[in-house]
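Here's the letter readout for the chains.
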Amino acid sequence: TAVGGDACAVAAAEDAALDNGRRGGSMSVLKLCTARSAGVLPLTKLSLLSPGCPRCLQLRRRSAGSSEHPWDFFRRNYSSFIVKKDDGNDQNYSRAHLLEVLEARMHQLQADNVTEVKCTEVQFMDEINVTHLESHTKSENLTFLPAREFKKSINPSTAAPKKERTTEKQPGKKGCVQTAYPKSTFAPKKWIEKLDEEKRNKTKRQLSIMKKMKETFPFPKKKEMPNAKSMEPDRKSASKGNSAKTSAAQRGNSNASGTQRAVNVNAESADSMKAILAEVEKLEQQLNNRDPSAKHFDGDEGHKHVDTQQNILSYIEACAFNDDLDRAHQCVMSNHRILTRRKQLNIKIYSTLMHLWAKKDSLDQIGNLFNLVEEAGLKPNLDCYVAALECMGRMENCSVHVIRRCIQQLEENGFQIQNIFKTCIFHKDEREMVTKAIRVVNPSFQPLSEPEAAICQSPLVSRFYAEVGPVEYPKLDLCLAELRERFDRQLKKEQADTVTIDSVEATKPVTEKMKKMRKRLADLRAKWQKSLLRAFHEYKFQLAGNGNCPWRMNLYPYLCLLDDKEYVDIMLQCIVSIHPNGEALVAIAKELGNRIYNKYSIRKKIKNEMMDKTRDIYHAYAELLAKDTELNNFLPREYMTHLERKMNAGPSLFSEDSSWSDVLTVQLGTHLVDLMVREIKIPINIQHQTREKSLIPVLYHMYSFRSNRQIGFIKPHPILMQILSEAAETTLSFDSCVMPMVCPPIPWTSSKFGAYVLTPTKLMRCVEGAVQHQLLLEKCSRCDLHAVLDSLSQLGNCAWKVNKPILDLIISIFNDKGSEKLEIPPPHSEAPAMPKYDPKSDMSPATKSSLKRKIAWVRKRSAEMHSLRMDALYKLSIANHIRHEIFWFPHNMDFRGRTYPCPPYFNHLGSDVTRAVLLFAEGKPLGEHGLNWLKIHLVNLTGFKKSCSLKERLSYANSVMDDILDSADNPLTGRMWWMNADEPWQTLACCTEIAHAARSPDPTNYLSYFPVHQDGSCNGLQHYAALGRDVIGATSVNLMPCEVPQDVYKGVAQQVEQFRKQDAEKNVKVAQILEGFISRKVVKQTVMTVVYGVTRFGGRLQVEKRLKEIEDFPKDYVWEASYYVVQQVFNSLKEMFTGTREIQDWLTESARLIARSGSSVEWVTPLGLPIVQPYHRTRTTLLRSSLQNLKLQINHDATQRPDTVKQKNAFPPNFIHSLDSTHMMLTALYCYRAGITFVSVHDCYWTHALTVDIMNKICREQFVALHDQPILQDLSRFLINKYRYNIPVDKKPKRLQEYKKMMDVLSKVLTKGEFDLQKVKESTYFFS
């Protein structure tokens, strides 16, 4: 009866959870877990179970009224999925059938090396001696054992298995129960036999592999793992992979022990193998004695189901947003019931579903999900218990005992109540509900405020954060009320998600034809909208009505995230942006999918009530920035974090919503494109009323070839393009995230929160679908990222405004057919005419070939002109839209740490045209040297005096003062001196600024808003020279003080010319042809990019392009000459930068060996930013749609092996880029501490003319501080500790030798030169 009671409790709990969950039944997670974990319950404790349990009442009545067939039931394994049959005639048949199914699944589990049988496994209960059983319950939980082992433990003498039908015993015999199984009248299913066969074949293969390994390699004996059956039932395996390996090893050892091995190994090879093994073990022992760093990144990055888990989680979250609990629950259940699919579920998916049931007050279903988590071999995380507590808080009369038991289990699993409020994310009133449940048990409970975060321990910034005393940070020139009003405007803009602005294209007089075309276009759009809405409704109805398999994941939840009209508006807006020659289907689908995701993310934040809290916190945060407040002793991140801790009620400021995978985004977008192609049509007689009335599609799906690959294209009909052209509409629509912000960005406080108010923004931008970067950031300690977050916030806090006179001048030229010389693209009307081609004409093959090439060139040129024209139109239109505003550019970074503004079109990283129209919003007087710095900056922009000293540049600026003033006064009608500069528009803007300052009464007090640049001298080579302390290299890139700037490009050109002369004397023809053509311009691009990993092949293309630009160079020798020049450039760099080449070779070889060992290259910057290279072998995913089958090439999938070539070629430049960004971030932080404005374009630093000297001093100090650190030694130590675990499993000689070589290379100590790094502080032209 005890066993029967235990089974009754479990079965009743599961039935209650399944059948009564949606009604919010009272079955508690406590009782369910108690039945699971407490082992076998004595009969006396059955009274503690729920008195309303129908199974218990039924069993008690049967046991009291009849002794013929007591406890005639079975425990269920997959209780959530097996439909309970009420037909008495089929009951015995169903039980026998179920037994076979479950036994087959048990075989499958054993074949998969599961070393532990959970208490949820279903077994028929044979003859049981209750007295003997109760004597065992204190020491052993027998419910963990299979049926046969269970019987053996009760009666050791009955070791032989029973037949299927047992002999009926005396019903009155004490302590016995009888169970009769009907003899199966049907043959086993074929799939059951197939499972058994697969199990046997798998076992044979494993034994064969083990035997071969033992014969080949005499491994030392290891301690045997304890038998799984003797393990304590409440101890879980470390991981399924570990248990699988352990079980396989046990079976291999047990089978191999009874067989004699035939060892036919050569004595020499055996000795060699032993020596290698001994050396590896010795190396391992030495490495283990070092600093125990983090092991290989084996988290979610290496999980082979990460893509599927991401898709399922996105699906569940979409269902949750739509309040579609049934669909979400069926999705999880359908994946859980099948063992192969169960692996695709992670704990995040279960916890998300638990939160959905918590909103319905259904504790039964949450308890059921806890059981499913246990069945899946997962451990509940803190969020699971938060969902349970939330549900208990929502219930009106939840038992104190239930809440106390839940908290007890939470603590037993290693969690703490206070951590709930520190680490978990809350939506709406979840925090209050959890607190309410906890206070039922502990009325005086108060969530502790999060303690102050630790200070960043990097020695580069420890002084910056640890500095005590009064610290004052700069403020904005805006009052508190204006900042709050600006935030409210930005919030409304992001809520609307779409911004419509006026185009800067020339507004022509509105003619009757234009009015007619605009009306016709409006009528067409109204018809298209109705047609798309109807088709969209039908498609949704089709997906929603899939009654055969409602659990199957489809696009229906994603089509319910927004209003139907919003989807249609997105599709209609997409039509206008399609190129006249067509765009790739994948590109259009991604754009549509991403726009839907952005809108959905914003709606979700609004629905979760995060918007109101963000507004309250930002209004308080504005006090730190406003000029009319006294608060100024916090960094923006510090004060925002302080406000978060202070205002900790209500929802969290950010959410952990999963991003959509690339496949999902393309799939959703493709279905929308399909609707557009099918439904958007236009009358064929719309231009000519006399033709027949029929409809033709506006968009066509066609195919084209790119690099021997067939690409699907979407091309608009020429009639549509003609209507759009004749209508000449004057508005443009953008997403709100495309526009600069009208308030200071939210400071980055973590890897998940910062920049825009509502628009989702990643801290580290990466390829869509790549997750390894975010995982690394989340594993970091928060204090390790403080310096990076603060530098990004500082860059984003710089306020800007538009240079209106320069913008007006650019717009006038833009509308006057543009100017290629001034980098203003001409309109499409200026494109070359398409040559006529008649296939039937009588032309020679050579003429036809030439004509086809010309047609291809015209098409390419036309497409390029259209793309450049639209890009310039967007930038100028945005600038014109905000010409009277003060605005900000929020920043984030790429995976190497290089910073970028988030708005993609208009920002200071743009072209010469874009930079020329930007000014600082805050002005500062020029001071004593400010005007001189403006003049030097002007000469730098012209490029006329690059090799001259600063004094010579200033003297030259004074000598051409008349030209400068003429350019400012008459930019288009005067001598136009500015047009010959390298950067003409920035030169003109600087001329205007100098003219205003020079004509002011006191130039030293002139308020200047103009940014002055200081550019690094081949910054990549500067970092290499500093790393290697290379004297010659350091001198070439201006690390060493010199009277005039050293031009490394000119030096390389001279070295190449010297090599050419030597070869010319030896009668090398190509060297003789190149006489007089070796110049600085020819070699500059190759020298500049060789430090960033350019190969000889890429370098040859660069030189070839420069040689083709020389009119006098013989075209027949371009290829041969470019090949020769690039060889000599590499030889020259090897002679000039010996230390640089050694470091670059070491980085390349290290990355090659690491990639060959099966890992991606990772490292940590000196500021603590973790970096991983996302280059993996390409995985092709086939995506089926009604338009076409798309093959998505995914090369960032971390489950694939690393791409060795990309990993090794990219490591040197990426590592240098990470040092470059570290130097910039350090400069930004200390400039902020000094109270000066600072922004950067990678290795080009901007500030006011007044503060150039201060910025130069900080820049040099931080470069020296950075390279005073043992950067290469730290990198070597990190790589060794990271990849010492990559010992090959098979231990083949070749792989072991590669492993040894990798460890030797990573441990290599690079020699350094004698360059004194402190000399950089005295170098005038380090940045100039």
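Please read all numbers here as calculations on a predicted model, not as lab measurements.

The rules we used
- Residues numbered from 1 in each chain as written.
- Predicted model: local features only at pLDDT ≥ 70, side-chain atom pairs only at ≥ 80, totals over all residues.
- Heavy atoms only, no water.
- Helix = DSSP H or I, 4+ residues; strand = E, 2+ residues; numbered from the N terminus.
- Buried < 20%, exposed > 50% of the residue type's maximum accessible area, 1.4 Å probe, protein only.
- Contact = heavy atoms within 4.5 Å.
- Areas by Shrake-Rupley, 256 points an atom, 1.4 Å probe, with all protein chains shown as cover.
- Salt bridge = Lys/Arg side-chain N within 4 Å of Asp/Glu carboxyl O.
- Core = buried A, V, L, I, M, F, W, Y, C linked by side-chain atoms within 4.5 Å.
- 1 Å grid on protein atoms, 1.4 Å probe; cavity = no way out; pocket = protein on both sides within 12 Å on 5 of 7 lines; lining within 4 Å.
- Points joined across faces, edges and corners; volume = space filled by probe spheres on them.
- Nonpolar A, V, L, I, M, F, W, Y, C, P; charged D, E, K, R; others polar.
- Arc of directions from axis to C-beta.
- Axes fitted to C-alpha atoms, helices over the stretch in contact; angles between N-to-C directions.
- Parallel < 35°, antiparallel > 145°, perpendicular 65-115°, else oblique.
- Left-handed = near helix turned anticlockwise from the far one by under 90°.
- Pairing = 2+ DSSP bridges.

## Side note on the overall build of the protein
Scanning the protein from N- to C-terminus turns up 48 helices and 23 strands. By residue count, 53% of the 1328 residues in the protein fall in the buried class. Across the protein, contacts joining residues at least 24 apart in sequence account for 76% of those joining residues at least 6 apart. Accessible area for the protein stands at about 62300 Å²; split by element, carbon and sulfur atoms hold 51% of it.

## Considering the pattern of salt bridges
Enumeration according to the criterion identifies 54 salt bridges in this entry. Between Glu566 and Arg603 there is a salt bridge whose closest N-O contact spans 2.3 Å. Of this pair, Glu566 sits in helix H22 (residues 564-577) while Arg603 sits in helix H23 (residues 585-607), placing them 37 residues apart in sequence. By relative accessible area, which is 16% here, Glu566 ends up buried.

## A word on the nonpolar core
Membership of the largest hydrophobic core comes to 143 residues, with the highest contact counts inside it found for Val461, Leu1039, Leu1074, Val1125 and Phe1215. A total of 12 residues in this core trace back to one element, the largest contributor, which is helix H45 (residues 1204-1234). Beyond its immediate chain neighbours, meaning those up to four positions away, Val461 contacts Cys456, Ala787, Leu1167, Leu1226, Leu1229 and Tyr1230. Within the second largest apolar cluster, 107 residues are counted, among which are Ile316, Tyr558, Ile714 and Leu1183.

## Quick notes on the layout of surface pockets
Of the volumes computed, that of the second largest pocket is approximately 1800 Å³. Elements represented by at least two residues in the lining of the second largest pocket include exactly helix H32 (912-916), helix H33 (930-942), strand S17 (1012-1015), helix H39 (1048-1065), helix H41 (1080-1090) and helix H42 (1096-1108). In terms of residue class, the lining of the second largest pocket is made up of 11 nonpolar, 17 polar and 17 charged.

## Overview of helix H34 (residues 950-959)
Buried within H34 we find Leu950, Arg953, Leu954, Tyr956 and Ala957. Within H34, the buried residues cover an arc of 160 degrees as seen down the axis, which keeps them to one side. In H34, those exposed residues whose orientation departs by more than 90 degrees from the buried face are Lys951 and Ser959.

## A short note on the packing of H33 against helix H36 (residues 984-998)
At a closest axis distance of 9 Å, the pairing of H33 and H36 adopts a crossing angle of 160 degrees. It follows that H33 is roughly antiparallel to H36 by the angle criterion. For the element pair H33 and H36, the recorded crossing hand is left-handed. Contact residues: Leu931, Leu934, Lys935, His937, Leu938, Leu941 and Thr942 in H33; Gln986, Thr987, Cys990, Cys991, Glu993, Ile994 and Ala997 in H36.

## Notes on unusual backbone geometry
The backbone of Lys817 sits at a positive phi, close to 65 degrees, despite the residue not being glycine. Along the chain, Lys817 turns up in the loop between helix H30 (804-814) and helix H31 (845-881). Of note, His1242 is a non-glycine position whose phi angle comes to about 60 degrees, a positive value. Tracing the backbone shows His1242 in the loop between strand S22 (1239-1241) and strand S23 (1244-1247).

## With respect to the sheet that holds strand S10 (residues 799-802)
Strand order in the open sheet formed by 3 strands is S11-S10-S14, and the pairing between neighbours is antiparallel. The open sheet has two edge strands with one neighbour each: strand S11 (887-888) and strand S14 (918-920). Alignment of S10 against S14, held across 3 bridges, turns out to be antiparallel. Bridge pairing in S14 places Lys801 opposite Leu919.

## Thoughts on the pairing of S23
Judged by which residues are buried, S23 turns out to be covered on both faces: Cys1244 and Trp1246 on one side and Tyr1245 and Thr1247 on the other are all buried. Two strands pair when backbone bridges link them, and S17 and S23 are joined in this way by 4 bridges, in the antiparallel orientation. The residue of S23 that forms the bridge with His1013 is Trp1246. Across 3 bridges, S22 lies against S23 in antiparallel orientation. Note that in S23 the partner of Ser1240 across the bridge is Tyr1245. Linking S22 to S23, which pair antiparallel, is a turn of 2 residues; within it His1242 sits at a positive phi near 60 degrees.

## Topic: the sheet that holds strand S5 (residues 699-706)
Sheet architecture is open: 3 strands sit in the order S2-S6-S5, paired in antiparallel fashion. Among the strands making up the open sheet, the edge pair consists of strand S2 (583-584) and S5. Direction of pairing for S2 relative to strand S6 (residues 709-716): antiparallel, over a ladder of 2 bridges. The residue of S6 that forms the bridge with Glu583 is Ile714.

No statement about biological role is implied by the geometric values presented.
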